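Working through the structure, step by step
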Amino acid sequence: MSLSPAATRVQRALEERGFGHLRVEELPVSTRTAAEAAQAVGAEVGQIVKSLVFVGEKGGYLFLVSGKNRLDPGKAAALAGEPLRRASPEEVRALTGFAIGGVPPLGHPTPLPTFLDQELLGYGVVWAAAGTPRALFRTRPEELLVLTGAKVADLKEG
């Protein structure tokens, strides 16, 4: 089965980084939300990687958050070293090349400073968006760290 153009871009990005063994899967159901994605792949909501884009005066930032957690805006701003706000749908597309609901953790035209929720490291396998609201790829959290160059941080609200 062939992948959509956006999912193909993510698969290429994985291959270019030496992770061609990771396969993008396009599913017949929505994976737009963490709950939908978890149900689609038979995983816990916490195993779903939410890609959240925020912006400040210095540019964009990517926060990879466990599907069961809410991002703490204060912690995000402290990590960025500046006040942040959630990116608009147009800003998300401009910064990442992808629409909200399918933003992958890699494959963006310009890499963004990236932070990974430390709670994702507690899972053997996680699932990340792969370019469309129906595409995901399965990986180990350690591989995701290498793929993204993310800094591990406490991102959880509360």
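Structure: see above.
Now for a look at the structure at hand. (Residues numbered from 1 in each chain as written. Predicted model: local features only at pLDDT ≥ 70, side-chain atom pairs only at ≥ 80, totals over all residues. Heavy atoms only, no water.)

Here we take up the overall build of the chain. A tally of helices and strands in the chain yields 5 helices and 8 strands. From first element to last, N terminus to C terminus, the chain shows the α and β order α-β-α-β-β-α-β-α-β-β-β-α-β. Against the globule reference of 15 Å for 158 residues, the chain gives a C-alpha radius of gyration of 14 Å, in line with a compact fold. Counting only C-alpha atoms and orienting by the principal axes, one finds that the chain spans roughly 45 × 30 × 25 Å. Across the 158 residues in the chain, those meeting the buried criterion constitute 49%. Of the charged side chains in the chain, 18 are positive and 17 negative, and the gap between their average positions amounts to 2 Å. (Helix = DSSP H or I, 4+ residues; strand = E, 2+ residues; numbered from the N terminus. Rg over C-alpha atoms; globule rule 2.2 N^0.38 Å. Buried < 20%, exposed > 50% of the residue type's maximum accessible area, 1.4 Å probe, protein only. Lys, Arg positive; Asp, Glu negative; His and termini not counted. Charge placed at Lys NZ, Arg CZ, Asp CG, Glu CD.)

Moving on, we come to helix α2 (residues 34–41). The complete set of buried residues in α2 reads A34, A37 and A38. Seen from one end, α2 has its buried residues packed into an arc of 100 degrees, which puts them on one side. (Arc of directions from axis to C-beta.)

Attention now moves to the pairing of strand β7 (residues 135–139). Counting buried positions along β7 gives 4 out of 5 residues, so the element sits mostly inside the fold. Sheet topology places strand β1 (residues 24–26) next to β7; 3 bridges connect them, and they run antiparallel. The residue of β7 that forms the bridge with V24 is F137. Where strand β6 (residues 126–129) and β7 come together, 4 bridges link them in antiparallel fashion. Among the inter-strand pairings, A129 is bridged to a residue of β7, identified as L136. From the end of β6 to the start of β7, which pair antiparallel, there are 5 residues, and G131 there has a positive phi angle of about 105 degrees. (Pairing = 2+ DSSP bridges.)

On to the packing of aromatic side chains. Summed over the entire model, instances satisfying the criterion amount to 2 aromatic pairs. Ring plane angle 20 degrees and centroid distance 5.4 Å describe the contact between F63 and F115, whose orientation is recorded as stacked. In this pair, F63 sits in strand β3 (residues 59–66) while F115 sits in strand β5 (residues 114–117), placing the two residues 52 residues apart along the sequence. Comparing F63 with F115, the two get one shared label, buried. Three or more aromatic residues link up through ring pairs in this structure, and these residues are F54, F63 and F115. Against the face of F98 rests R9, its NZ or CZ located 4.2 Å from the ring centre. (Phe/Tyr/Trp six-rings, centres within 6.5 Å; stacked < 30°, edge-to-face > 60°. Lys NZ or Arg CZ within 6 Å of the ring centre and 35° of its normal.)

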